[in-house]
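# Residue-level structure breakdown
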Amino acid sequence: MIHARDLARSFKTKAGPVEAVKGLSLDVAEGELVAFLGPNGAGKSTSVRMLTTLLPPSSGSAMVAGCDIARDPAGVRKRIGYVGQGSGAGQYYKLRDELLTQGAAMRMHPADAKRRADALIDMLELTGMEDRIGTTLSGGQKRRLDVALGLMHSPTLLFLDEPSTGLDPHSRANLWEHVLKLRRETGMTIFLTTHYLEEADTMAERVMVMDNGQLIADDTPARLKANLAGDRITIGLANSDAAKAAELAQNLPQAREVAVGDSRVEVTVGEGEALLPEFIRRLHEVGVDIASANVRRPTLDDVFLGLTGRTLREAQGSVA
Amino acid sequence: MDFLYDVKTSFVREMKPLISGWVWLAFGLVQPLLYIGLFVPLLGDVGGAGVSPLQWFIPGMMVMLTLFGTAMVGWSLTEELLSGVLERFLATPMSRPALLMGRALKEMFPLFFQAVVMIVIAIPFGLRIYAVEMLYGLVLLGLFGVGVAALSYALAIAAKNNTSLFYMVSQSVALPLMLLGGVLLPLESGPAWLYVASRFNPLTYLIEAERALFMGELFSTTVLYGTLVVAATLVIGLAIGGSAIRKASI
């Protein structure tokens, strides 16, 4: 559905040229739900804007929904749905009118557009808001309208750029419920950008981590966490055999970052839950008394930390 | 055909809030009517002996309303540029110049409405009607307005990161053009240097052409010069505005 090769984009600024995206290559198959994760300024939006033909790349090429973004931008635009970071609906326009305008912009037959608009109003729970203008809608309603606008022509590929930024947790969950339902019903491919870890973790089947204009990881959230962060096992010790425990910990498969405290030992492994019983049994065999045992599953923040040496929250603060 | 369809799509979208906001449409009439009621009586026989000063003043007023109305339309685009609405349309197959064309045409609608109401109201106060000539005058104004609006959109796109820049540039261009065009008072009665300066103002020729049309002249060099100014404004406006939106990556 998406095949990008060496996409790059630089911007001229007063401080000199800035390379926002440096050689991005990626492939997304039909039906996938992929999240672009990275701090603000990582180049996520710039990448999406290139893939959606809103911004010409400085170099590189991409095929999106079967069309070349440089040679056939109109073909791309016809096939994709795009929900940008900003608000797509005008402030002084009625909700249903905006949907119908979108239908006309997508060259839909007016009767089809009317049917589709009513179906989307129903699906996205915007019933009763048809004649309300933009300024009178709540943040969650506006965002659902944006999604509806992107879905008017039933695209097979939907781009969502920071879809839930600025929404309260309840509206965010509600938006996702709708998006996932639509996906189940239509099987469309969804490509989203987000800087919310939980969102990428729970919603996406595949996460591409972006930092500093480059793709630095690309896998399922589970595998990213297992390979790049790992589970942290902490064993509380009843007697002070920390050295013995540490030695055993060192020998666990894929063991790394062994830390020894006064009455505890910590180790990072690939699959902590599966390893823990075996680890406890071995500790028991060599006579180590165990007071407590704990496995902490990693978050994508740990993945980002493992990849870049800083947490996403820190990166968020350091890049404008 | 797609182009015209897209112009229509954009025009229809823009018209809807305008129609529901008809109060503003009516309010827009207050200012020109105040001018007619409170200013025109001061003009005396500016249009020549035995001719109503309305015949001279109304065409100038219409040019002023058109210029100010359309020079500022980029403002509404700025709002949609920053909010993400324009981006939404740029991600659709719509023709980009058609997007602006539809918007510009919509801006002409209230101006056209105001002009017609102004003319109708002025009839009992002595305005003589030259139907064909006046209609041609309105068409000229409409085309001129589309050209100026396209330039205003180009300015809005160029100044999208600095909205006060848009305001400064559009105001500092529109106001001297209008004053130097002799909209309110005849420049012939002013100092010579002002008259000479006005000869270098393209708007002067449009205002003179409109006044000639309102006096019932049609086939004259004055009207021809005005027509040429409108044609040039339209061509330059559409070329610059069209290229600005085609290159726009918000």
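The numbering scheme is per chain: residues are counted from 1 as the chain's sequence reads. All chains are assigned letters beginning with A, and all ligands numbers beginning with 1, in the order in which they are written. Restriction of local features to residues with pLDDT of at least 70 applies here, the model being predicted, together with a cutoff of 80 or more for giving and counting side-chain atom pairs; totals for whole chains, interfaces and linings are based on all residues. Excluding hydrogens and water, the side-chain figures rest on all heavy atoms present in the structure.

When helices and strands are tallied, chain B shows twelve helices and zero strands. Secondary structure elements are defined from DSSP: runs of H or I of at least 4 residues count as helices, runs of E of at least 2 residues count as strands, and each element is numbered from the N terminus. For chain B, the sequential pattern of α-helices and β-strands runs α-α-α-α-α-α-α-α-α-α-α-α. In terms of overall dimensions, chain B has C-alpha extents of about 60 × 40 × 35 Å along its principal axes. In this scheme, a residue with accessible area under 20% of its type's maximum is buried, one over 50% is exposed, and one in between is partly exposed, where area comes from a 1.4 Å probe on protein chains only. Counting only residues that meet the buried cut, chain B has 49% of its 250 residues in that class. Computed by Shrake-Rupley with a 1.4 Å probe, the accessible areas treat only the displayed protein chains as cover when residues are assessed. Carbon and sulfur atoms make up 74% of the accessible area of chain B, which amounts to about 11,300 Å² in all. Only four residue types enter the charge count: Lys and Arg as positive, Asp and Glu as negative, with His and the chain ends excluded. A charge is said to be at NZ when it belongs to Lys, at CZ for Arg, at CG for Asp and at CD for Glu. Side chains of chain B carry 13 positive and 13 negative charges; the gap between the two charge centres is 9 Å.

A separate point is the interface of chain A and chain B. Each partner contributes to the interface: chain A provides 29 residues, whereas chain B provides 26 residues. At the boundary of chain A with chain B, total buried surface from both sides reaches about 2,300 Å², with 52% on carbon and sulfur atoms. Reported buried area values correspond to the accessible surface (1.4 Å probe) lost by two parts on association, with both partners' losses combined. It is Arg77, Tyr93 and Arg107 of chain A in chain A that bury the most area against chain B; as a group they hold 27% of the surface buried on that side. Should a side-chain nitrogen of Lys or Arg be within 4 Å of a carboxyl oxygen of Asp or Glu, the pair is scored as a salt bridge. Counting across the interface, chain A meets chain B through six salt bridges. For the purposes of these results, a polar contact is taken to be a pair of N or O atoms within 3.5 Å, where, inside protein, one atom must be able to donate a hydrogen and its partner to accept one; residues adjacent in sequence count only when each atom of the pair is a side-chain atom. Joining chain A to chain B, the criterion identifies 13 residue pairs in polar contact (both at pLDDT 80 or more). Mapped onto the side of chain A that touches chain B, the elements with two or more residues apiece are α2 (73–79) and α3 (95–105) of chain A. For the side of chain A that touches chain B, the leading source of residues is α3 of chain A, giving six residues. Looking at the side of chain A that touches chain B residue by residue, the classes come out as 13 nonpolar, ten polar and six charged. The contact rule is simple, with two residues in contact once any of their heavy atoms fall within 4.5 Å. For this classification, Asp, Glu, Lys and Arg are treated as charged, while Ala, Val, Leu, Ile, Met, Phe, Trp, Tyr, Cys and Pro are nonpolar and the rest, including Gly, are polar.

In this section: the side chain of Asp231 of chain A. Residue and element names in this part refer to chain A. Among the structural elements, Asp231 can be located in strand β11 (residues 231–237). Among the residues examined, Asp231 registers a relative accessible area of 3% and is labelled buried. Engagement of the side chain of Asp231 in a polar contact is seen with the backbone nitrogen of Gly272, the distance being 2.7 Å. Beyond its immediate sequence surroundings of up to four residues, Asp231 is in contact with Val267, Thr268, Val269, Gly270, Glu271, Gly272, Glu273, Val295, Arg296, Arg297 and Pro298.

Residues and elements named next belong to chain A. In strand β6 (residues 80–83), alternate side chains face the same way, and those of Ile80 and Tyr82 on one face and Gly81 and Val83 on the other are all buried. Here the rule is simple: two strands pair whenever DSSP picks up at least two bridges between them. Pairing of β6 with strand β7 (residues 157–161) involves four bridges; the strand directions are parallel. Within the sheet, the bridge partner assigned to Tyr82 lies in β7 and is Phe159.

The subject of this paragraph is the UniProt feature "domain: ABC transporter" (unreviewed entry) in chain A. UniProt positions are given in the numbering used here, feature names are shortened, and annotations may be inferred rather than shown by experiment. The sites that UniProt annotates as "domain: ABC transporter" (unreviewed entry) are residues 2–237 of chain A. Within the segment residues 2–237 of chain A, helix and strand shares are 37% and 31% respectively, and the terminal C-alpha atoms sit 52 Å apart.

Turning our attention to the UniProt feature "transmembrane region" (unreviewed entry) in chain B. Listed under "transmembrane region" (unreviewed entry) in the UniProt record, and renumbered for this structure, are residues 21–44, 56–78, 111–130, 136–158, 165–185 and 223–245 of chain B. Between the end C-alpha atoms of residues 56–78 of chain B there is a gap of 36 Å, over a span that is 91% helix and 0% strand.

Joining through side-chain atoms within 4.5 Å is the link that ties buried Ala, Val, Leu, Ile, Met, Phe, Trp, Tyr and Cys residues into a set, and such a set is a nonpolar core. Core analysis: the largest hydrophobic core is formed by 93 residues, its most contacted members being Val64, Phe159 and Phe191 of chain A together with Ile58 of chain B. With twelve residues, helix α8 (residues 131–158) of chain B is the largest single contributor of residues to this core. When near neighbours in sequence (up to four residues on either side) are disregarded, Phe191 of chain A contacts Ile2, Leu26, Val28, Val34, Phe36, Val48, Leu51, Leu158, Phe159 and Leu160 of chain A. Counting residues in each nonpolar core, the second largest holds 49 residues, with Ala113, Leu160, Leu175 and Met203 of chain A among its members.

Another point: a nonpolar patch on the surface. Residues and elements named next belong to chain B. Residues Trp24, Phe27, Val30, Leu34 and Leu38 make up a contiguous nonpolar surface patch of about 600 Å² in total accessible area. At three residues, helix α3 (residues 30–38) tops the list of elements feeding residues into the nonpolar patch. Assessed through its relative accessible area of 52%, Phe27 is described here as exposed. Residues form patches when they are more than 30% accessible in relative terms and have no salt bridge. Like charges link within 9 Å. Nonpolar side chains (Val, Leu, Ile, Met, Phe, Trp, Tyr) link within 5 Å.

Scanning all chains against the criterion turns up 30 salt bridges over all chains. Residue Arg49 of chain A is joined to Glu87 of chain B by a salt bridge in which the shortest nitrogen-to-oxygen separation is 2.2 Å. Remark: Glu87 of chain B occurs in helix α6 (residues 85–90) and Arg49 of chain A occurs in helix α1 (residues 44–51); the pair is interchain, linking two chains. According to the relative accessible area criterion, Arg49 of chain A is buried, its value standing at 11%. Taking the relative accessible area as the measure of exposure, Glu87 of chain B reaches 9% and is therefore buried. Ionic pairing is found between Glu266 of chain A and Arg232 of chain A, a salt bridge with its closest N-O pair at 3.1 Å. Pair noted here: Glu266 of chain A is in strand β13 (residues 264–269) and Arg232 of chain A is in strand β11, with a separation of 34 residues, a long-range link. Residue Arg232 of chain A is classed as buried on the basis of its relative accessible area of 18%.

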